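Tertiary structure, described
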Amino acid sequence: MTNEERFMKEAIALSKKSIEQNEGGPFGCIIVRNNEIIARGNNRVLVDNDPTAHAEVVAIRNACRHVGTFQLENCEIYSSCEPCPMCLGAIYWARPRIVFFANTRQDAASIGFDDSMIYQEMGQDLSHRKIPVVNLCRQEALKVFAQWAAKQDKTLY
């Protein structure tokens with residue numbers, strides 16, 4: 001068995017733990033750096049009453065605390081399922097080296113975790129989205145953006 005397969009089996013075991021302990025859906029994730037697991041996460045939506053507590057987000061938060069930085073360069077993510085749009089966004093912000101996944105988004109949809117509407121919504125004009133998204137107080141908010149742009153001691157990410 002390869003290291004990649006061993007790590008994926010760990011992520012899959014976390015997905016099983018999630019449902020056995022009634023913490024959330026059947027999703028697990030681990031993050032590896034230098035062939036060592038530095039963080040684990042399983043879906044905790046139900047136990048935390050948090051719709052963002054997906055396995056990948058939980059694992060990313062744990063990994064960032066572990067390494068003491070907000071980015072995970074030189075890390076590998078092993079997810080028991082193809083990341084949803086939210087998790088994919090978090091993964092891109094974390095900047096890992098590579099992402100491995102087991103189940104596909106179609107597999108997830110077949111058991112009731114269908115994210116196709118979200119993928120479609122992301123491509124829609126704001127005025128055509130199912131949940132209204134309204135621009136408000138932009139001029140006031142732009143002043144804060146200008147302050148950020150002028151800030152000399154900012155940390156870019």
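Here, the structure is the one placed above.
Residues numbered from 1 in each chain as written. Predicted model: local features only at pLDDT ≥ 70, side-chain atom pairs only at ≥ 80, totals over all residues. Heavy atoms only, no water.

Below, the discussion takes up the overall build of the chain. Regarding its fold elements, the chain presents seven helices and four strands. In the chain, the succession of helices and strands from N to C terminus is α-β-β-α-α-β-α-β-α-α-α. If one aligns the C-alpha atoms of the chain with their principal axes, the spans along those axes are about 55 × 40 × 25 Å. For the chain, with 157 residues in total, the buried portion stands at 31%. In the chain, the proportion of contacts linking residues at least 24 apart, taken out of those at least 6 apart, comes to 47%. A total of about 10400 Å² of accessible surface is found on the chain, and carbon and sulfur atoms cover 54% of it. Here the chain holds 18 positive side-chain charges and 19 negative ones, and the gap between their average locations is 5 Å. (Helix = DSSP H or I, 4+ residues; strand = E, 2+ residues; numbered from the N terminus. Buried < 20%, exposed > 50% of the residue type's maximum accessible area, 1.4 Å probe, protein only. Contact = heavy atoms within 4.5 Å. Areas by Shrake-Rupley, 256 points an atom, 1.4 Å probe, with all protein chains shown as cover. Lys, Arg positive; Asp, Glu negative; His and termini not counted. Charge placed at Lys NZ, Arg CZ, Asp CG, Glu CD.)

This part covers a nonpolar patch on the surface. Nonpolar side chains collect at one region of the surface, where F70, W93 and Y157 lie side by side and expose about 420 Å² of accessible area between them. In this structure, F70 sits in the loop between α3 (55-67) and β3 (75-81). (Patch = residues over 30% accessible without salt bridge, like charges linked within 9 Å, V, L, I, M, F, W, Y side chains within 5 Å. Salt bridge = Lys/Arg side-chain N within 4 Å of Asp/Glu carboxyl O.)

This next bit is on the packing of aromatic side chains. Within the structure shown, the criterion is met by five aromatic pairs. On the numbers, 5.3 Å between centres and 55° between planes, the contact of F7 with Y78 is tilted. Taken together, the residues F7 in helix α1 (residues 3-20) and Y78 in strand β3 connect sequence positions 71 residues apart. Judged by relative accessible area, Y78 falls into the buried class, the value being 0%. The cationic tip of R105 hangs over the ring face of Y119; the distance from NZ or CZ to the ring centre is 4.1 Å. (Phe/Tyr/Trp six-rings, centres within 6.5 Å; stacked < 30°, edge-to-face > 60°. Lys NZ or Arg CZ within 6 Å of the ring centre and 35° of its normal.)

Turning our eyes to something else, we now look at the sheet that holds β3. Spatially, four strands are ordered β2-β1-β3-β4 in an open sheet, and the strand pairing comes out mixed. Where the open sheet ends on each side, the last strands, each with one partner, are β2 (36-42) and β4 (98-103). For this sheet, the mean angle separating the axes of adjacent strands, direction not counted, is 15°. Sheet topology note: the strand β1 (residues 28-33)/β2 ladder contains six bridges and is antiparallel. (Pairing = 2+ DSSP bridges. Axes fitted to C-alpha atoms, helices over the stretch in contact; angles between N-to-C directions.)

Such coordinate-based values are descriptive only and should not be taken to indicate function.
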